[in-house]
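These are the residues of each chain, in order.
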Amino acid sequence: GAGVSQTPSNKVTEKGKYVELRCDPISGHTALYWYRQSLGQGPEFLIYFQGTGAADDSGLPNDRFFAVRPEGSVSTLKIQRTERGDSAVYLCASSLNPGPNTEAFFGQGTRLTVV
Amino acid sequence: DQQVKQNSPSLSVQEGRISILNCDYTNSMFDYFLWYKKYPAEGPTFLISISSIKDKNEDGRFTVFLNKSAKHLSLHIVPSQPGDSAVYFCAASPGDKIIFGKGTRLHILP
(Lines give C-alpha, C1' and ligand atoms only; values in the text may rest on other atoms or scores of the structure.)
Protein backbone atom coordinates (compact mmCIF):
# COMPACT_ATOMS: atom_id res chain seq x y z
CA GLY A 1 0.00 0.00 0.00
CA ALA A 2 0.92 3.65 -0.16
CA GLY A 3 0.69 4.36 3.57
CA VAL A 4 3.23 4.31 6.38
CA SER A 5 4.24 0.74 7.14
CA GLN A 6 5.60 -0.42 10.49
CA THR A 7 7.11 -3.81 11.21
CA PRO A 8 6.68 -5.91 13.17
CA SER A 9 3.11 -5.19 14.21
CA ASN A 10 3.71 -6.96 17.51
CA LYS A 11 6.93 -7.73 19.34
CA VAL A 12 7.34 -9.61 22.61
CA THR A 13 10.80 -9.55 24.10
CA GLU A 14 12.45 -10.43 27.37
CA LYS A 15 13.71 -7.80 29.75
CA GLY A 16 17.28 -6.89 28.93
CA LYS A 17 17.11 -7.78 25.24
CA TYR A 18 17.72 -5.50 22.26
CA VAL A 19 14.93 -4.69 19.80
CA GLU A 20 14.64 -2.89 16.47
CA LEU A 21 11.42 -1.40 15.17
CA ARG A 22 11.16 -0.48 11.51
CA CYS A 23 9.24 2.29 9.77
CA ASP A 24 8.72 2.64 6.01
CA PRO A 25 7.38 6.14 5.37
CA ILE A 26 5.32 7.26 2.41
CA SER A 27 7.59 7.62 -0.61
CA GLY A 28 8.88 11.15 -1.01
CA HIS A 29 8.09 12.25 2.53
CA THR A 30 11.09 14.08 3.95
CA ALA A 31 9.93 14.32 7.56
CA LEU A 32 9.62 11.25 9.78
CA TYR A 33 8.47 11.15 13.39
CA TRP A 34 8.56 8.50 16.11
CA TYR A 35 6.04 8.55 18.96
CA ARG A 36 5.34 6.20 21.86
CA GLN A 37 1.84 5.63 23.21
CA SER A 38 1.34 4.00 26.58
CA LEU A 39 -2.02 2.74 27.77
CA GLY A 40 -4.42 5.59 28.46
CA GLN A 41 -2.01 8.23 27.20
CA GLY A 42 -1.66 10.22 24.04
CA PRO A 43 1.25 9.74 21.65
CA GLU A 44 4.47 10.97 23.25
CA PHE A 45 7.05 12.55 20.96
CA LEU A 46 10.39 10.74 20.75
CA ILE A 47 12.37 11.96 17.74
CA TYR A 48 11.91 13.69 14.41
CA PHE A 49 14.01 13.35 11.24
CA GLN A 50 14.31 15.81 8.41
CA GLY A 51 15.94 13.78 5.67
CA THR A 52 18.74 11.68 7.14
CA GLY A 53 19.40 13.82 10.18
CA ALA A 54 17.66 13.87 13.52
CA ALA A 55 16.29 17.41 13.75
CA ASP A 56 14.96 16.96 17.27
CA ASP A 57 15.65 13.99 19.55
CA SER A 58 14.59 15.70 22.76
CA GLY A 59 11.86 13.13 23.42
CA LEU A 60 14.11 10.08 23.63
CA PRO A 61 13.77 9.03 27.29
CA ASN A 62 17.38 7.91 27.82
CA ASP A 63 20.45 6.63 26.03
CA ARG A 64 18.99 3.15 25.61
CA PHE A 65 16.89 4.58 22.80
CA PHE A 66 18.39 5.42 19.43
CA ALA A 67 16.98 5.95 15.93
CA VAL A 68 18.51 6.13 12.50
CA ARG A 69 17.40 7.03 9.00
CA PRO A 70 20.57 6.46 6.95
CA GLU A 71 19.17 7.03 3.47
CA GLY A 72 16.41 9.48 4.30
CA SER A 73 13.66 6.94 3.86
CA VAL A 74 13.32 3.87 6.12
CA SER A 75 13.92 4.51 9.80
CA THR A 76 14.78 2.10 12.60
CA LEU A 77 14.12 2.75 16.28
CA LYS A 78 16.55 0.77 18.43
CA ILE A 79 16.07 0.01 22.10
CA GLN A 80 18.87 -1.54 24.13
CA ARG A 81 18.53 -3.42 27.41
CA THR A 82 14.76 -3.27 27.27
CA GLU A 83 12.80 -2.71 30.48
CA ARG A 84 9.18 -3.55 31.30
CA GLY A 85 8.39 0.17 31.29
CA ASP A 86 9.29 0.29 27.60
CA SER A 87 6.13 -1.67 26.81
CA ALA A 88 3.95 0.55 24.62
CA VAL A 89 2.76 1.08 21.07
CA TYR A 90 5.47 2.75 19.03
CA LEU A 91 4.02 4.93 16.28
CA CYS A 92 5.78 6.28 13.23
CA ALA A 93 4.49 9.13 11.07
CA SER A 94 5.73 10.85 7.94
CA SER A 95 4.90 14.08 6.18
CA LEU A 96 5.87 15.60 2.87
CA ASN A 97 7.57 18.52 4.59
CA PRO A 98 8.32 19.25 8.21
CA GLY A 99 5.92 21.33 10.23
CA PRO A 100 2.41 20.82 11.52
CA ASN A 101 0.67 22.52 8.61
CA THR A 102 1.66 19.58 6.42
CA GLU A 103 -0.46 16.57 7.28
CA ALA A 104 1.39 13.78 9.08
CA PHE A 105 0.33 10.24 8.23
CA PHE A 106 0.67 7.60 10.93
CA GLY A 107 1.38 3.91 10.63
CA GLN A 108 -0.55 1.33 12.61
CA GLY A 109 2.19 1.08 15.17
CA THR A 110 4.31 -1.66 16.69
CA ARG A 111 3.06 -3.01 19.98
CA LEU A 112 6.11 -3.80 22.10
CA THR A 113 5.71 -5.99 25.16
CA VAL A 114 8.67 -6.51 27.46
CA VAL A 115 8.22 -9.48 29.77
CA ASP B 1 4.10 18.45 32.88
CA GLN B 2 1.35 18.16 30.31
CA GLN B 3 1.34 20.98 27.79
CA VAL B 4 -1.84 19.80 26.09
CA LYS B 5 -4.68 18.74 28.34
CA GLN B 6 -7.88 16.93 27.56
CA ASN B 7 -9.68 16.72 30.86
CA SER B 8 -12.58 14.53 29.74
CA PRO B 9 -11.49 10.92 29.23
CA SER B 10 -14.81 10.07 27.61
CA LEU B 11 -17.97 11.63 26.21
CA SER B 12 -21.28 10.11 25.12
CA VAL B 13 -23.52 11.90 22.64
CA GLN B 14 -26.78 10.97 20.98
CA GLU B 15 -26.61 10.37 17.25
CA GLY B 16 -27.61 13.51 15.37
CA ARG B 17 -26.69 15.88 18.22
CA ILE B 18 -23.61 18.04 18.56
CA SER B 19 -20.40 16.61 20.03
CA ILE B 20 -18.08 19.13 21.69
CA LEU B 21 -14.58 18.05 22.65
CA ASN B 22 -12.46 20.41 24.68
CA CYS B 23 -8.74 20.97 25.01
CA ASP B 24 -6.53 23.33 27.02
CA TYR B 25 -2.88 24.14 26.48
CA THR B 26 -0.20 25.85 28.51
CA ASN B 27 2.51 26.83 26.03
CA SER B 28 1.93 30.22 24.44
CA MET B 29 4.57 29.37 21.79
CA PHE B 30 2.23 26.92 20.11
CA ASP B 31 1.30 28.32 16.71
CA TYR B 32 -0.65 25.45 15.23
CA PHE B 33 -3.34 23.21 16.65
CA LEU B 34 -4.65 19.95 15.32
CA TRP B 35 -7.22 17.27 16.01
CA TYR B 36 -6.55 13.61 15.26
CA LYS B 37 -8.99 10.72 15.34
CA LYS B 38 -8.03 7.17 16.25
CA TYR B 39 -9.86 3.89 15.81
CA PRO B 40 -8.71 0.76 17.69
CA ALA B 41 -5.65 -0.97 16.22
CA GLU B 42 -5.06 1.89 13.79
CA GLY B 43 -2.74 4.87 13.84
CA PRO B 44 -4.18 8.35 14.43
CA THR B 45 -5.55 10.11 11.35
CA PHE B 46 -5.56 13.85 10.81
CA LEU B 47 -8.96 15.48 11.12
CA ILE B 48 -8.72 19.26 11.14
CA SER B 49 -6.28 21.99 12.14
CA ILE B 50 -6.16 25.69 12.92
CA SER B 51 -3.42 28.27 12.85
CA SER B 52 -2.97 30.49 15.90
CA ILE B 53 -3.83 33.55 13.81
CA LYS B 54 -7.38 32.29 13.31
CA ASP B 55 -10.20 31.64 15.74
CA LYS B 56 -12.30 29.24 13.69
CA ASN B 57 -11.83 26.65 10.98
CA GLU B 58 -14.63 24.62 9.47
CA ASP B 59 -14.54 21.48 7.35
CA GLY B 60 -17.88 19.86 6.68
CA ARG B 61 -19.34 18.57 9.93
CA PHE B 62 -16.18 19.50 11.87
CA THR B 63 -15.38 22.94 13.27
CA VAL B 64 -12.47 23.86 15.47
CA PHE B 65 -12.60 26.98 17.64
CA LEU B 66 -9.53 28.60 19.17
CA ASN B 67 -9.58 31.00 22.12
CA LYS B 68 -5.98 32.16 22.51
CA SER B 69 -6.58 34.33 25.53
CA ALA B 70 -8.01 31.36 27.39
CA LYS B 71 -5.53 28.91 25.82
CA HIS B 72 -8.48 26.75 24.90
CA LEU B 73 -9.69 25.03 21.79
CA SER B 74 -12.68 22.89 21.01
CA LEU B 75 -13.83 20.55 18.28
CA HIS B 76 -17.50 20.57 17.30
CA ILE B 77 -19.00 17.72 15.33
CA VAL B 78 -22.51 18.26 14.04
CA PRO B 79 -24.50 16.21 13.40
CA SER B 80 -22.75 13.34 15.20
CA GLN B 81 -22.78 10.02 13.37
CA PRO B 82 -22.07 6.45 14.55
CA GLY B 83 -18.78 6.40 12.63
CA ASP B 84 -17.57 9.29 14.74
CA SER B 85 -17.13 6.94 17.71
CA ALA B 86 -13.37 6.95 18.26
CA VAL B 87 -10.66 8.49 20.42
CA TYR B 88 -9.96 12.13 19.58
CA PHE B 89 -6.56 13.63 20.29
CA CYS B 90 -5.99 17.33 20.57
CA ALA B 91 -2.47 18.31 19.50
CA ALA B 92 -0.37 21.44 19.29
CA SER B 93 2.88 22.44 17.68
CA PRO B 94 5.46 25.19 18.18
CA GLY B 95 6.59 24.66 14.60
CA ASP B 96 8.05 21.20 14.13
CA LYS B 97 7.07 18.35 16.42
CA ILE B 98 3.48 17.78 17.43
CA ILE B 99 2.53 17.38 21.08
CA PHE B 100 -0.57 15.36 21.87
CA GLY B 101 -3.08 15.33 24.70
CA LYS B 102 -4.26 12.12 26.35
CA GLY B 103 -7.35 11.85 24.20
CA THR B 104 -11.12 11.78 24.70
CA ARG B 105 -13.10 8.68 23.81
CA LEU B 106 -16.30 9.70 22.03
CA HIS B 107 -19.27 7.32 22.04
CA ILE B 108 -22.12 8.09 19.67
CA LEU B 109 -25.30 6.55 21.02
CA PRO B 110 -28.04 5.29 18.66
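Residue positions within a chain follow its written sequence, with the count starting from 1. Key to labels: chains lettered from A, ligands numbered from 1, both in the order written. Per-residue local features of the predicted model are confined to residues with pLDDT of at least 70, and side-chain atom pairs are confined, for both listing and counting, to 80 or more; whole-chain, interface and lining totals are unaffected and use all residues. Working from all heavy atoms in the structure, the side-chain values ignore hydrogens and water.

Caption draft 1: Focus on the pairing of strand β6 (residues 56-59) of chain B. Following DSSP output, two strands are said to pair if at least two bridges run between them. Secondary structure elements follow DSSP: runs of H or I of four or more residues count as helices, runs of E of two or more count as strands, with numbering from the N terminus. Two elements, β6 of chain B and strand β7 (residues 62-67) of chain B, share 4 bridges in a ladder whose sense is antiparallel. In the sheet register, Asp 59 of chain B faces β7 of chain B, and the bridge partner there is Phe 62 of chain B.

Caption draft 2: A look at the interface of chain A and chain B. We call two residues contacting when some pair of their heavy atoms lies within 4.5 Å. Each partner contributes residues to the interface: chain A has 20 residues there, and chain B has 18 residues. Buried area adds together the accessible area that both of two parts lose upon being put together, with accessible area traced by a 1.4 Å probe. Summed over both sides, the interface of chain A with chain B buries roughly 1600 Å², with 62% coming from carbon and sulfur. A salt bridge links Asp 56 of chain A to Lys 97 of chain B, with the shortest nitrogen-to-oxygen separation between them at 3.4 Å. For this analysis, a polar contact is any N or O atom pair within 3.5 Å, provided that within protein one partner can donate a hydrogen and the other can accept it, and provided that sequence-adjacent residues contribute only side-chain to side-chain pairs. Linking chain A with chain B are 4 residue pairs in polar contact (both at pLDDT 80 or more). Among the secondary structure elements, those contributing two or more residues to the side of chain A that touches chain B are β4 (31-37) and β5 (44-50) of chain A. Counted by class, the side of chain A that touches chain B contains 9 nonpolar, 9 polar and 2 charged residues. The working definition used for a salt bridge is a side-chain nitrogen of Lys or Arg within 4 Å of a carboxyl oxygen of Asp or Glu. Gly is placed with the polar residues, together with every amino acid not listed as nonpolar (Ala, Val, Leu, Ile, Met, Phe, Trp, Tyr, Cys and Pro) or charged (Asp, Glu, Lys and Arg).

Caption draft 3: Quick peek at the sheet that holds β6 of chain B. All names here are of chain B. If you trace the 5 strands from one edge of the open sheet to the other, you get β1-β3-β8-β7-β6, paired in antiparallel fashion. Each edge of the open sheet is held by one strand with a lone partner, namely β1 (4-5) and β6. Pairing analysis gives 6 bridges linking β7 to strand β8 (residues 72-77), with the strands arranged antiparallel. Pairing of Phe 65 across the sheet is with Ser 74, part of β8.

Caption draft 4: A look at the pattern of salt bridges. A full pass over the atoms with the stated rule returns 6 salt bridges over all chains. Between Asp 86 of chain A and Arg 64 of chain A there is a salt bridge, and its shortest N-O distance comes to 2.8 Å. A residue pair is termed long-range when its members are at least 10 positions apart, and Asp 86 of chain A in the loop between β8 (75-79) and β9 (88-95) and Arg 64 of chain A in the loop between β6 (53-56) and β7 (65-68) qualify at 22 residues. Taken individually, Asp 86 of chain A and Arg 64 of chain A each receive the classification buried, so the pair is uniform in this respect. The partner of Asp 84 of chain B in a salt bridge is Arg 61 of chain B, with the nearest N and O atoms 2.8 Å apart. Note on exposure labels: buried denotes an accessible area under 20% of the residue type's maximum, exposed denotes more than 50%, and partly exposed covers the range between, all computed with a 1.4 Å probe on protein chains only.

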